[in-house]
Amino acid sequence: MNIKLIKQSQSHPYHLVDPSPWPISMSFALLVLTLSAVMYMHGFSLVVYLLSLGFILTITGMALWLRDVIIEATYLGHHTEQVKKRFNYIGFALFIISELMAFFSIFWAYFHSSLVPSIEIGGIWPPMGIEVLDPFAIPLLNTILLLSSGAFITYAHHAVIKGNRRILY
């Protein structure tokens, strides 16, 4: 990347990025990391060195890519207010998507284990020796507390927006 310390004039508020080697190099680094981790889990010998190389390549690629983003933002002045706002939106959206995927994987694992129990746990769900909680006792109480706390926070938020602080006491 060519570092220029002069802000160029643009006819739009967005930053069009220069071609970068980091997306493709990070893809290969993550491929090496993933494949070596799978090989390590399957007991291949001497794959620890490949796994270490994958970690090193991934961390190095992330650091160099972040360095280029910092250069674009500070020295080149490409990150306008609209670009910064878009970074916040995209970052929040990616956070929400990652949380959705995490919960989806947890529920998927639970439903898969309960609908098709494996032979290792005796082919029954729940496995022998596991006591099942009554769903209408503690879990229902926890759900009611969680939903009511969200409702009270939403009510308080709307009261603050309207300027009615008396409700909060």
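Residues numbered from 1 in each chain as written. Predicted model: local features only at pLDDT ≥ 70, side-chain atom pairs only at ≥ 80, totals over all residues. Heavy atoms only, no water.

Looking only at helices and strands, the protein chain has 4 helices and 0 strands in total. When the helices and strands of the protein chain are placed in sequence order, the string is α-α-α-α. Taken over C-alpha atoms, the radius of gyration comes to 25 Å for the protein chain, far larger than the 15 Å a tight globule of 169 residues would show. Reported as C-alpha extents along the three principal axes, the dimensions of the protein chain are approximately 70 × 70 × 25 Å. (Helix = DSSP H or I, 4+ residues; strand = E, 2+ residues; numbered from the N terminus. Rg over C-alpha atoms; globule rule 2.2 N^0.38 Å.)

Before going further, it helps to examine the environment of A109. Relative to the elements of secondary structure, A109 occurs in helix α3 (residues 81–115). A C-alpha to C-alpha distance of 31 Å links A109 and P23, two positions 86 residues apart in sequence.

Looking now at the packing of aromatic side chains. Considering all chains together, one arrives at 5 aromatic pairs under this definition. Here the aromatic rings of F92 and F95 are separated by 6.5 Å at their centres, their planes lie at 35 degrees, and the arrangement is tilted. Of this pair, F92 and F95 both sit in helix α3, separated by 3 residues, roughly a single helical turn. A residue is classified by how much of its surface remains accessible, and F92, at 55% relative accessible area, is exposed. An angle of 75 degrees between the planes, with centres 5.9 Å apart, marks the rings of Y110 and W125 as edge-to-face. One end of the pair, Y110, is in helix α3; the other, W125, is in the loop between α3 and α4 (138–162), with 15 residues separating them in the sequence. Here Y110 falls in the partly exposed class, since its relative accessible area comes to 44%. An aromatic cluster is built from F107, Y110, F111 and W125, whose rings are joined through pairwise contacts. (Phe/Tyr/Trp six-rings, centres within 6.5 Å; stacked < 30°, edge-to-face > 60°. Buried < 20%, exposed > 50% of the residue type's maximum accessible area, 1.4 Å probe, protein only.)

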